[in-house]
Amino acid sequence: MSPRGDRVVVRAPAKINLALRVGPLREDGYHELVSVFQAVSLFEEVSARLPEDDEGVSVVVRGPGAAEVPTDASNLAVRAALLLAERTGAAPRARLAVRKTVPVGGGMAGGSADAAAALLACDLLWGTGLHREELAELGAELGSDVPFALVGGTALGTGRGERLSPVLGRGEYHWVLALSPDGLSTPQVYAELDRLRAAGEAPVPELEPDVPQELGQALRSGDPARVGAALVNDLQEAACSLRPGLRRALALGEDHGALGGLVSGSGPTVAFLVPDSDAALELAVALTASGVASDVRRVTGPVPGARSVEPVATSPHHPSHSSR
Ligand code: C5P
């Protein structure tokens, strides 16, 4: 049981890939990749409580796009809870409530954040006491981006993206996110990249993908203009090929003072780096007025990985917290 009583609330951040270099398709169906992730201030929140009777693990999902998220055993938060129970021997009993803020299928790893938050929430609820690295290892079995949602900050990911090491950097970065009304399927975007490469319409990768050195230097300098110039995403062409409208959003950001812009992960969210909060507001207004985005968010990064927050005693319909 958690030290705070019968309910645990954990929030976990979304990510932007500052660099995403995609190598060739591997035999296991994944692509070898090198990525620099940054966790940003857009959070999924998962609360966990023990059921009153003999129930197992159940989930309710609330917030934008909730209707598109399954609530059966395929839900990533449920899978996370069941995996933790299986590996630790804890009884798999939890009522989970996910409050979504991260766009569903948006290329910002919202589902991975749910899994990360559920792992930590159930670990606290059941008192299984795993280290963060152990939770991250379990997370890697659930999805390539789950370990990063536990770790947060800015990190280099290799392998499928699940092997992480911290990236030294300084400064706070201001981002404007242009959201799309419909998500993109990550496997489809990777498949489109393979198709473009086979057709000679996208550069064929080296065996060992690499992150541009300029990005590491730029992050160490803390200069957002240098970081903006070094942003790169090998999946961008594939996402734009499936959603040509994304090119308009990218061009608009460039015209309105963004230091850099790119499709986030497999898209369709487009992320723009701007110099400061004033510039973020200006760009957000321009994006909204142009109609290229269904919604716009201003966020900052880096932020920490999954953390427990104090549950607030409100109605069960509002599993909110006090720290935002
Ligand atoms: O691991 P995750 O569930 O996040 O991956 C979703 C899908 O994205 C995979 O099934 C695969 O098609 C694609 N993927 C990939 N190479 C990676 C990561 C993901 O091809 N490194």
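The structure under discussion appears in the preceding block.
These remarks concern the structure in this document. (Residues numbered from 1 in each chain as written. Predicted model: local features only at pLDDT ≥ 70, side-chain atom pairs only at ≥ 80, totals over all residues. Heavy atoms only, no water.)

Quick word on the environment of A39
- Residue position: A39 is located in strand β2 (residues 31–49).
- Placed 23 residues apart in sequence, A39 and I16 show a C-alpha to C-alpha distance of 6.5 Å.
- Leave out the neighbours within four places in its chain, and A39 touches P13, A14, K15, F148, G152, G153, T300, G301, P302 and V303. (Helix = DSSP H or I, 4+ residues; strand = E, 2+ residues; numbered from the N terminus. Contact = heavy atoms within 4.5 Å.)

Quick word on the pattern of salt bridges
- In total, this model carries 14 salt bridges according to the counting rule given.
- With a shortest N-O distance of 2.6 Å, E55 and R95 are connected by a salt bridge. With E55 in the loop between β2 and β3 (57–62) and R95 in strand β4 (residues 94–99), this residue pair connects regions lying 40 residues apart in the sequence.
- On the basis of relative accessibility, which here comes to 34%, the residue R95 falls in the partly exposed class.
- Salt bridges sharing common partners tie together R21, R197 and D234. (Salt bridge = Lys/Arg side-chain N within 4 Å of Asp/Glu carboxyl O. Buried < 20%, exposed > 50% of the residue type's maximum accessible area, 1.4 Å probe, protein only.)

Details of the site of the ligand
- Within the structure, the ligand sits among G29, Y30, H31, L33, G143, S144, R160, T186, P187 and Y190.
- Within the side chain of Y30, a nitrogen or oxygen atom sits 3.5 Å from an oxygen atom of the ligand.
- With respect to the ligand, the backbone of R160 contributes an N or O atom lying 3.2 Å from a nitrogen atom.
- When isolated, the ligand has an accessible area of 450 Å², and the protein chains bury 76% of it.
- Those elements that provide at least two residues to the shell around the ligand are β2 and α5 (186–198).
- With 3 residues, α5 is the largest single contributor of residues to the shell around the ligand.
- Looking at side-chain class alone, the shell around the ligand contains 4 nonpolar, 5 polar and 1 charged residues.
- For the shell around the ligand, the domains that each give at least three residues are domain 1 (7–167) and domain 2 (173–301). (Near = heavy atom within 4 Å. Polar contact = N/O pair within 3.5 Å; in protein donor to acceptor, adjacent residues only side chain to side chain. Areas by Shrake-Rupley, 256 points an atom, 1.4 Å probe, with all protein chains shown as cover. Nonpolar A, V, L, I, M, F, W, Y, C, P; charged D, E, K, R; others polar. Domains from an automatic or database assignment.)

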